[in-house]
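Residues per chain, in single letters:
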Amino acid sequence: MTSSIRLISLSQSDILQRLPELTGMLVDSVIGGASVSFMLPFHPDKAVAFWQKVAQSVAAGERTVLAAEQADGTLVGTVQLITDLPENQPHRAEVAKLLVHSRGRRQGIARKLMAELEAEAKRQGKTVLVLDTSTGSGAEHFYQQCGWQKAGEIPRYALMPEGELTATSVFYKFV
């Protein structure tokens, strides 16, 4: 149930203090087949290094990391709003790494995270959001259900965790 989910923004220190949880969530997602930039076999050290870079980026004001926390304090989801873009794009931000741990899926957590991310983008003066996701994936369908517009597809864009090529679908949303 999403009623027991609290959405929070993670600071650099929050990310570093919660590295084991964040690492576990990323490992769970990659092992589960999510196309989130990593390949199998996926060692937790890669996840730790990734989150350490994210923490530095948050500290530099380049991105916002939102998280979904269960009533017991356990993190079950995250999403990132990347605002470090060229100076001719002050109105735009990119969405990255929507992750929901397998134990938290099908409970509306991803939808809550995306709604809060859109509200945060508005608070930061962003009016255009963009993202890309593996074509044909459940994520592609999810973003369409959330009102995102598909701009197109790029064939042979990336590798899935197991190594097969996949196209990417590019989405945008005005907020």
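Anyway, here's the lowdown on the structure attached to this text. What you see is a predicted model; the values in this text were computed from it and never measured. (Residues numbered from 1 in each chain as written. Predicted model: local features only at pLDDT ≥ 70, side-chain atom pairs only at ≥ 80, totals over all residues. Heavy atoms only, no water.)

1. Notes on the sheet that holds strand β7 (residues 165–174)
And step 1. Strand order in the open sheet formed by seven strands is β1-β2-β3-β4-β5-β7-β6, with mixed pairing between adjacent strands. The sheet is open, and its two edges are formed by β1 (6–10) and β6 (149–159), each paired on a single side. Direction aside, the axes of adjacent strands within the sheet are offset by 25 degrees on average.
And step 2. Judged from the seven bridges that link them, strand β2 (residues 63–69) and strand β3 (residues 75–82) form a sheet pairing that is antiparallel. (Pairing = 2+ DSSP bridges. Helix = DSSP H or I, 4+ residues; strand = E, 2+ residues; numbered from the N terminus. Axes fitted to C-alpha atoms, helices over the stretch in contact; angles between N-to-C directions.)

2. Points about unusual backbone geometry
And step 1. The linkage connecting L40 with the following residue, P41, adopts the cis geometry, with an omega of -5 degrees.
And step 2. Assignment of secondary structure puts P41 in the loop between α2 (19–31) and α3 (44–59).
And step 3. The backbone of K97 sits at a positive phi, close to 50 degrees, despite the residue not being glycine.
And step 4. Counting through the fold element by element, K97 comes out in strand β4 (residues 92–100).
And step 5. What makes K97 buried here is its relative accessible area of 18%.
And step 6. One non-glycine residue with positive phi stands out, namely R106, at about 65 degrees.
And step 7. Note that R106 resides in the loop between β4 and α4 (109–123).
And step 8. Exposure remark for R106: the relative accessible area of 86% places this residue in the exposed category. (Buried < 20%, exposed > 50% of the residue type's maximum accessible area, 1.4 Å probe, protein only.)

3. Remarks on the pattern of salt bridges
And step 1. Taken as a whole and assessed by the stated rule, the structure comprises ten salt bridges.
And step 2. For E69, the salt bridge identified is with R6, shortest N-O distance 2.5 Å. Taken together, the positions of E69 in strand β2 and R6 in strand β1 put the pair 63 residues apart, joining distant regions of the chain.
And step 3. When its relative accessible area of 8% is taken as the criterion, E69 is described as buried.
And step 4. You can call R6 partly exposed: its relative accessible area is 49%.
And step 5. Residue E153 is joined to K150 by a salt bridge in which the shortest nitrogen-to-oxygen separation is 2.5 Å.
And step 6. Judged by its relative accessible area of 46%, E153 is partly exposed.
And step 7. Owing to a relative accessible area of 32%, K150 belongs among the partly exposed residues under this scheme.
And step 8. Because the salt bridges share partners, they merge into one network encompassing R6, R18, E21 and E69. (Salt bridge = Lys/Arg side-chain N within 4 Å of Asp/Glu carboxyl O.)

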